[in-house]
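Chains, contacts and geometry: an overview
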Amino acid sequence: MKSGNAISTHSLARLVCVLAFVMLLPACASRKIAPELTLEDRQFRAPVSHAPSKKDIKKAVEDSYFGVDDPANNFNRTMYSFNAHFDKYVFIPVVMTYEAVLIPPVRKGISNGIDNLNEVPTFVNCVLQGKGKKAVVTVGRFLINSTIGILGLMDVATELGLPRHEEDFGQTLGVWGVDEGPYLVLPILGPSSGRDAIGLVPDYFITMYQMEAIYSAADVNDKPTARNVNTATRGVNTRANIPFRYYSTDTPFEYEFVRFLYTKKRELDVQK
Amino acid sequence: MAKRFAALLLFFSAMTFAPICLAGDGVDPYPFTDPYKATVFGTPPGMIYKPQKLGFVANKSLSIKNRHIPEIFWYAEDLAYSMVLQKKSAPLLFLVAGTGAKYDSGKMRYLAQVFFSQGYHVVCLSSPTHFNFIVSASKYAAAGYVPHDVEDLYRVMLWCKEVVEKRQPVENISVAGYSLGGLHAAFLAHLDSQRGDFNFRKALLINPAVDLYESALRFDTWMSPKNTGGEKPVEIIDRFFRQFAEFYKTRELEKLDSEVLYQLSDYVKATDSEYRVLIATTFRITAASMIFTSDVCLNAGYVVPADKALTKYDPLLPYMNVLAQVRFEDYFNEYLYPYLQYLGVAGSKEEVIRRCSLKSIGGYLKSAGKIVVVGNEDDPILSDGDVGFLKETFGDRATLFPHGGHCGNMQYVDFVEAMIKMIR
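Overview of the structure.

Of the regular secondary structure elements, chain A holds 12 helices and three strands. Taking all contacts inside chain A whose residues are at least 6 apart in sequence as the whole, residues at least 24 apart take part in 66%. As displayed, chain A offers around 14800 Å² of accessible surface, 67% of which is attributable to carbon and sulfur atoms.

Residue and element names in this part refer to chain B. Of all five residues that make up strand β4 (residues 121-125), five are buried, and the element is covered over most of its length. Residues His121, Val123 and Leu125 line one face of β4 and the alternating positions Val122 and Cys124 line the opposite face, and both faces are buried. Taken together, the three bridges between strand β2 (residues 79-84) and β4 define a ladder with antiparallel strand orientation. Paired with Met83 across the bridge in β4 is Val123. Considered for its hand, the β-α-β crossover made up of strand β3 (residues 90-96), helix α3 (residues 106-116) and β4 is right-handed.

A few words on the pattern of salt bridges. Residue and element names in this part refer to chain B. In this structure the tally under the stated criterion is 31 salt bridges over all chains. The partner of Glu329 in a salt bridge is Arg327, and the shortest N-O contact between them spans 3.6 Å. Looking at Glu329, the relative accessible area reads 30%, which means it is partly exposed. Judged by relative accessible area, Arg327 falls into the partly exposed class, the value being 36%.

Attention shifts here to the interface of chain B and chain A. Counting residues at the interface gives 75 residues for chain B and 67 residues for chain A. Of the roughly 6700 Å² buried between chain B and chain A on both sides combined, carbon and sulfur atoms contribute 66%. Remark: the boundary between chain B and chain A carries zero salt bridges. If you look at where chain B meets chain A, you find 26 residue pairs in polar contact (both at pLDDT 80 or more). Looking at the side of chain B that touches chain A residue by residue, the class counts come to 45 nonpolar, 13 polar and 17 charged. Here three bridges tie strand β1 (residues 30-32) of chain A to strand β1 (residues 58-64) of chain B, and the two strands are oriented parallel to one another. Each residue of the ladder has a partner; that of Arg31 of chain A, found in β1 of chain B, is Ser63 of chain B.

A word on the pairing of strand β8 (residues 398-401) of chain B. Residues and elements named next belong to chain B. Sheet analysis places strand β7 (residues 371-376) next to β8, joined by four bridges and oriented parallel. Across the sheet, residue Asn376 finds its bridge partner in β8, namely Phe401. The parallel pair β7 and β8 is bridged by helix α16 (residues 384-394), and the resulting crossover is right-handed.

All names here are of chain A. Looking at the element boundaries, Thr158 is found in helix α8 (residues 156-159). Note on Thr158: relative accessible area 30%, which makes it partly exposed. Spatially, the C-alpha atoms of Thr158 and Glu99 are 24 Å apart, while their sequence positions differ by 59 residues.

Another point: unusual backbone geometry. Although it is not a glycine, Ile188 of chain A adopts a positive phi angle of roughly 65°. Positionally, Ile188 of chain A belongs in the loop between β2 (183-186) and β3 (190-193). You will see that Ala141 of chain B, though not glycine, has its phi angle at about 55°, which is positive. Relative to the assigned elements, Ala141 of chain B resides in the loop between α4 (131-136) and α5 (146-167).

Here we come to the sheet that holds β1 of chain A. If you walk across this open sheet you meet the nine strands as β1(A)-β1(B)-β2(B)-β4(B)-β3(B)-β5(B)-β6(B)-β7(B)-β8(B), and the pairing is mixed. The open sheet has two free edges, formed respectively by β1 of chain A together with β8 of chain B, since each of these has just one partner strand. Averaged over all pairs of adjacent strands, the angle between strand axes in this sheet comes to 20°, irrespective of strand direction. Of the strands in this sheet, β3, β5 (170-178), β6 (203-206) and β7 of chain B are in contact with helix α6 (residues 180-195) of chain B, which crosses β5 of chain B at around 140°. Its contacts with the sheet place α16 of chain B against β6, β7 and β8 of chain B, and it is angled at close to 145° to β8 of chain B.

So, about the packing of α3 of chain B against helix α17 (residues 413-423) of chain B. Residue and element names in this part refer to chain B. Axis separation between α3 and α17 bottoms out at 11 Å; the angle between their running directions is 55°. With respect to their mutual orientation, α3 and α17 come out oblique. Crossing handedness for the pair α3 and α17: right-handed. Touching Tyr110, Leu111, Val114 and Phe115 of α3 are Val416, Met419, Ile420 and Ile423, all from α17.

This brings us to the nonpolar core. In summary, soluble globular proteins display a tendency toward joint burial of nonpolar side chains. Ranked by internal contacts, the top residues of the largest apolar core, which has 169 residues, are Phe94, Leu95, Phe115 and Phe292 of chain B. Here the element with the most residues in this core is helix α11 (residues 272-298) of chain B; it accounts for 13 residues. Residues Met79, Tyr183, Tyr247 and Tyr255 of chain A belong to the second largest nonpolar core, which totals 10 residues.

Let us now look at the layout of surface pockets. Rolled over the atoms, a probe as big as a water molecule pinpoints where empty space is left. Roughly 780 Å³ of volume is contained in the second largest pocket. Contributing elements (two or more residues each) for the lining of the second largest pocket: α3 (60-63) of chain A together with α7 (212-222), α9 (233-249), α11 and α12 (317-323) of chain B. Residue contributions to the lining of the second largest pocket peak at four residues, all from α11 of chain B. Partitioned by chemical class, the residues of the lining of the second largest pocket number 13 nonpolar, six polar and seven charged.

Cut-offs applied
Residues numbered from 1 in each chain as written. Chains lettered and ligands numbered in written order. Predicted model: local features only at pLDDT ≥ 70, side-chain atom pairs only at ≥ 80, totals over all residues. Heavy atoms only, no water. Helix = DSSP H or I, 4+ residues; strand = E, 2+ residues; numbered from the N terminus. Contact = heavy atoms within 4.5 Å. Areas by Shrake-Rupley, 256 points an atom, 1.4 Å probe, with all protein chains shown as cover. Buried < 20%, exposed > 50% of the residue type's maximum accessible area, 1.4 Å probe, protein only. Pairing = 2+ DSSP bridges. Right-handed = clockwise from strand over helix to strand, strands pointing away. Salt bridge = Lys/Arg side-chain N within 4 Å of Asp/Glu carboxyl O. Buried area = accessible area lost by both parts, 1.4 Å probe. Polar contact = N/O pair within 3.5 Å; in protein donor to acceptor, adjacent residues only side chain to side chain. Nonpolar A, V, L, I, M, F, W, Y, C, P; charged D, E, K, R; others polar. Axes fitted to C-alpha atoms, helices over the stretch in contact; angles between N-to-C directions. Parallel < 35°, antiparallel > 145°, perpendicular 65-115°, else oblique. Left-handed = near helix turned anticlockwise from the far one by under 90°. Core = buried A, V, L, I, M, F, W, Y, C linked by side-chain atoms within 4.5 Å. 1 Å grid on protein atoms, 1.4 Å probe; cavity = no way out; pocket = protein on both sides within 12 Å on 5 of 7 lines; lining within 4 Å. Points joined across faces, edges and corners; volume = space filled by probe spheres on them.

Written out as structure tokens, the structure is:
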């Protein structure tokens, strides 16, 4: 009990420090006055131009190894930069606070717990895709981790040689032969496709019914609060587990590379 | 199994970053004797030198008032850098990233912790060839001409020095860099010997490039039909991709770390000339990013028409495509050299190229005892002549390992210990 108090006081102190730190962030970028560095002279023109012709622009996707058709280009790029802003001003500060307040074993426990809950939609999708072995492994993992793994806080099953599979309804649709559709960048959620975006809906309902069942079984009185906590925790946990940061890939062509990698990855996930 | 279980238990007690366990006496020799494999796959997890303590990395930035920033680079208007400071008076070390790399690239983060745990305040800077540097802090917004790039670095370092000194006392200052950053570190030491703002105690060149232009041209020849046997580079890249796809499909990968990379090194089957294409392609993408950024910042009309102001909606794939065909030699002849002439920089092409080589300051390097080198004899970015130059110029101030490729063994225990010893 005593140590529990100590931890929470400590956590509180850290929270205050981190919030203070986050609020101070904008003040950190120091501004230099250097008139010779304002890049005013832009009169130079290269004697040779490699500017792409109209035809080059039209055929750009098929000409490039990294090319992916992008009919929703304007919407996607708007969302991409919206997500980058959201990340910078909301998501990442929240994740930083989360990481500063909770020690890594606790975060790992939360992450494992959510992974464990997600075995349910994965199982449903394994069955829908006719992947018997993966379905059995997933059930096995869920049973082991929910019991020996203390409600999924520990991932004992992986240690026992049962690796975690991830199957979502987007993949299920892919296995059923549904075309991936146009590349889409969704608000906050990021890269997706027409098919994967539709796939989010059934997965959402499976998870929702699952959580409602858990709230009922656990006799939760204040369900709205439980729902909010669930959503917030899942959101922060998911972002904390994705190392990607917008505009940090050392190339101005990041959007193009992310689009390529996402599309290829999902192709492989469906074949897997 | 027991080991795994022990690891699980340890996990709960020691997850709070305490990766101490330095590999003991029985370190295996560095496994990749093939320089290309070394360059691509790096150091296997069991052989990585683990810094004794980890410091808190503070991300910082600075911006230049009223600087012209193109709309599509809205996210790069501040020059980002980072610092890891001791909580007391300490020597300061500047780290300069390699070609096209950012202050927080994997190699930079690693090196920062290695030297922090050796008692340094560490400041990490992006390469002047990185788009963020070009957009936010480069005086002429065109990278690749070493004297200009080093002037830019020098100026930024003076600003950073002020920031550090406001927080903690600085005992003395050193500079280090890997790859192109190593070459920059040598030129920084040379510039400082004339101006005396830092009075560097040591300059550590890690796998330095000796001659920027020559190394860049070497990459370009790796893409030529002579190396590929007539195959298109993209076909070779596709083969790598397919192998990786098979690898990915047959296992559950949580993340792409050094462990996975090591498994991959065993899995991938490729010839040396194929690895060369892979390395050269990475370089080509880096160069494309650099050239595109400069062209947009200067509005020079090289790949983006001068009358076109790119917005954040414009697809950039067409520019990527044309730049995929632009060799470094083309960039130099068609863009960089004409621009330098426009700026009034004197000298023939040969002279300008020579100013980007360590050989141009060979006399200084030979006499300056503060400059030390740790590298590899089989570094594929160096010619035999370059390796000879390093040996001849630095003598026992250069530690060269027989194998390791280009920065492949940078995390390997012996290599790290050599870096620590040489900078002491």
